[in-house]
Every structure is written in structure tokens, then in C-alpha cells.
Amino acid sequence: MRFEDLVWTILEKTSLQKLRISSVEPMDWSDDLIQLIARSPRLAKHAHLPLQSGSDRVLRRMHRKYRPWHYCEKIEKIRAAMPGAAIGADVMVGFPSETDSEFEETRHLIEELPFTYLHVFTYSARPGTPAATMPNQVPMRVARERNRTLRELAAEKKLEFQRSFLGKTVDAITLNVFDGEHTEALTDNYLKLRLAGKHDPNHWVTARVEYVSGGALLGYLEA
């Protein structure tokens, strides 16, 4: 059974209202899986593909099975099929022997691709792992600076994505968080939404986005 067959079976055999798929390896994003998520209103428009590095040489040292151009092809297909989807990635900086030019390859690839968020990790040696004994360990101060660079780039991309929904409606599920003025919710495409007023949790609602502030969309229920 392929992964997309499992997803289809869940939709067919259950009454689950919404399914959000977590991290899936790049090469497992088949055309069938992409089209299934794009076409089904019961599947959240959200794709998370571990990247780790945009450098072919670093990926080979990590023993990853995909290459940067393979990864780019998958991201471009996902964005073409789902223009409003959240697209995220895990990225590691400071892997042993990562040079300035290899890091720049990663930064440039992230800059060019339509990511809406990133999880950026700084490599740290784990005793007993092959990477821990590799030569040319990257100094921690260098790795942390690279981490900061990517986090700043990710924040810019996230804000750009959030602003693209100003004046538009979004579907979101309400959460059990109320700060006295707003109820927190999570959109179908993985954006934090703060709804004016108090609303019961675990309900899907349609909201109009009015502002972007504090890392979240601010909106009101559609009348």
C-alpha cells in the first residue's frame, strides 16, 4: 500500500472532518498524493518536506536520498497544485564541514522557493554517531549565525504569506485559548488566527482577515 492509498482509505472509511498530514519525505510526495490533497476539502492544505540542506555535497554527507533539484521539483508541483497551501521545511545548519559557500547554496535555495515557514536547527554532535567523528566541525558561533540568517529569512517569507490573505476569507478551527479579547484558531493552511470575541473550541469557522500582527492573522467571523 502506498502512503496516498492509506490517506484515501482514511477519507473513504471514516467521517473525519479534516486530516492534516505531518512531515513527509520529499521523494514520497508523488503526483497522486499532491493531487489528492489539492482536490479534497477534508485534507488540510499543508505540506511539510524535510530539506536539511540546499547543498548537494552536504546532502550526500548526510546520506540523504534526494538532491536539491529533486526537492525543488516537488515544491514547485505542490505550489502549482495548491497556490494557498502552507509549505514548510526542516533545515539544519552547521553540519560537519559545511562551508560558507555550501551554506549560501542553502540560503539561496530557501530564498527562491515558496516556503511559508521553516524549522531551523543547529547541528550539535551526538556521541556515537558517524557525524560526531567527521573532520572540520563547524564552530558553534558560525552555526548560530547561520541559524539566525535563515530564521530572519523565514520570518520575511512567513509575513509575506500572511499578508497575502488580507481582505480574504479563511477556514479555521477554533482552539481552547481565549485572552479576554480574541479566540485563537488555526487555519486550514497552518496559520495562527486570532478571532475577535470568545468562541467555543473545536469548531470550523470562516473568517475574514483584517490585519496581520504579532505573528498571527486577526479576523472576524463571516456574517
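Look up: the structure comes first, before these words.
In short, a report on the structure. Just so it is clear, the structure is predicted and the values come from calculations on it, not from any experiment. (Residues numbered from 1 in each chain as written. Predicted model: local features only at pLDDT ≥ 70, side-chain atom pairs only at ≥ 80, totals over all residues. Heavy atoms only, no water.)

With the exception of glycine, most residues fall at negative phi, and the peptide bonds are largely trans. Its identity as a non-glycine residue notwithstanding, Gln52 has a phi of 70°, on the positive side. You can see Gln52 is positioned in the loop between strand 1 (46-48) and helix 3 (56-61). Judged by relative accessible area, which is 11%, Gln52 ranks as buried. For Asn202, which is not glycine, the phi dihedral falls at a positive 65°. The residue Asn202 is located in the loop between strand 6 (192-196) and strand 7 (204-213) in this model. Given a relative accessible area of 60%, Asn202 falls into the exposed group. (Helix = DSSP H or I, 4+ residues; strand = E, 2+ residues; numbered from the N terminus. Buried < 20%, exposed > 50% of the residue type's maximum accessible area, 1.4 Å probe, protein only.)

Attention now moves to the packing of helix 5 (residues 100-112) against helix 6 (residues 140-163). Contact pair helix 5 / helix 6: the axes reach a minimum separation of 10 Å and the direction vectors enclose 10°. As far as their axial angle goes, helix 6 and helix 5 are roughly parallel. Where helix 5 approaches helix 6, its residues Asp100, Phe103, Thr106, Arg107, Ile110 and Glu111 are matched on the opposing element by Arg146, Thr149, Leu150, Leu153 and Lys157. Looking at side-chain class alone, the contact of helix 5 with helix 6 contains 4 nonpolar, 2 polar and 5 charged residues. (Axes fitted to C-alpha atoms, helices over the stretch in contact; angles between N-to-C directions. Parallel < 35°, antiparallel > 145°, perpendicular 65-115°, else oblique. Contact = heavy atoms within 4.5 Å. Nonpolar A, V, L, I, M, F, W, Y, C, P; charged D, E, K, R; others polar.)

A word on the environment of Asp171. With respect to the element layout, Asp171 can be found in strand 4 (residues 169-178). Along the backbone, Asp171 and Phe115 are 56 residues apart, and their C-alpha atoms lie at a distance of 20 Å. When neighbours within four sequence positions are excluded, Asp171 is seen to be in contact with Leu186, Thr187, Asp188, Trp204, Val205 and Thr206. Engagement of the side chain of Asp171 in a polar contact is seen with the side chain of Thr206, the distance being 3.0 Å. (Polar contact = N/O pair within 3.5 Å; in protein donor to acceptor, adjacent residues only side chain to side chain.)

Moving on, we get to the packing of aromatic side chains. Summed over all chains, the structure comprises 5 aromatic pairs. Note on Tyr66 and Tyr71: the rings are 6.2 Å apart at their centroids and 40° apart in plane angle, and the pair reads as tilted. For Tyr66, a relative accessible area of 2% gives the class buried. Accessibility expressed as a relative area gives 0% for Tyr71, which makes it buried. Taken together, a centroid distance of 5.6 Å and an interplanar angle of 70° make the contact between Phe95 and Tyr123 edge-to-face. Pair noted here: Phe95 is in the loop between strand 2 (86-93) and helix 5 and Tyr123 is in the loop between strand 3 (117-122) and helix 6, with a separation of 28 residues, a long-range link. With relative accessibility at 7%, the residue Phe95 sits in the buried group. On the accessibility criterion, Tyr123 (10% relative accessible area) is buried. Across the ring face of Trp204, the terminal group of Lys18 is positioned such that the distance to the ring centre comes to 4.9 Å. (Phe/Tyr/Trp six-rings, centres within 6.5 Å; stacked < 30°, edge-to-face > 60°. Lys NZ or Arg CZ within 6 Å of the ring centre and 35° of its normal.)

What follows deals with the pairing of strand 7. Where strand 4 meets strand 7, 5 bridges bridge the pair, whose relative direction is antiparallel. Bridged to Val170 within strand 7 is Ala207. Two successive antiparallel strands, strand 7 and strand 8 (residues 216-221), enclose a turn made up of 2 residues, where Gly214 displays a positive phi of approximately 60°. (Pairing = 2+ DSSP bridges.)

One closed barrel accounts for 5 strands, arranged 4-5-6-8-7; its pairing is mixed. Mean inter-strand twist for the sheet, computed between neighbouring axes without regard to direction, equals 55°. By the bridge criterion, 3 bridges tie strand 6 to strand 8 in an arrangement that is parallel. Within the sheet, the bridge partner assigned to Leu195 lies in strand 8 and is Gly219.

With that settled, consider the pairing of strand 3. Here strand 2 runs beside strand 3; their pairing, made up of 6 bridges, is parallel. Bridge assignment links Asp90 to a residue of strand 3, and that residue is His119. Crossover strand 2 to strand 3 through helix 5 is right-handed. (Right-handed = clockwise from strand over helix to strand, strands pointing away.)

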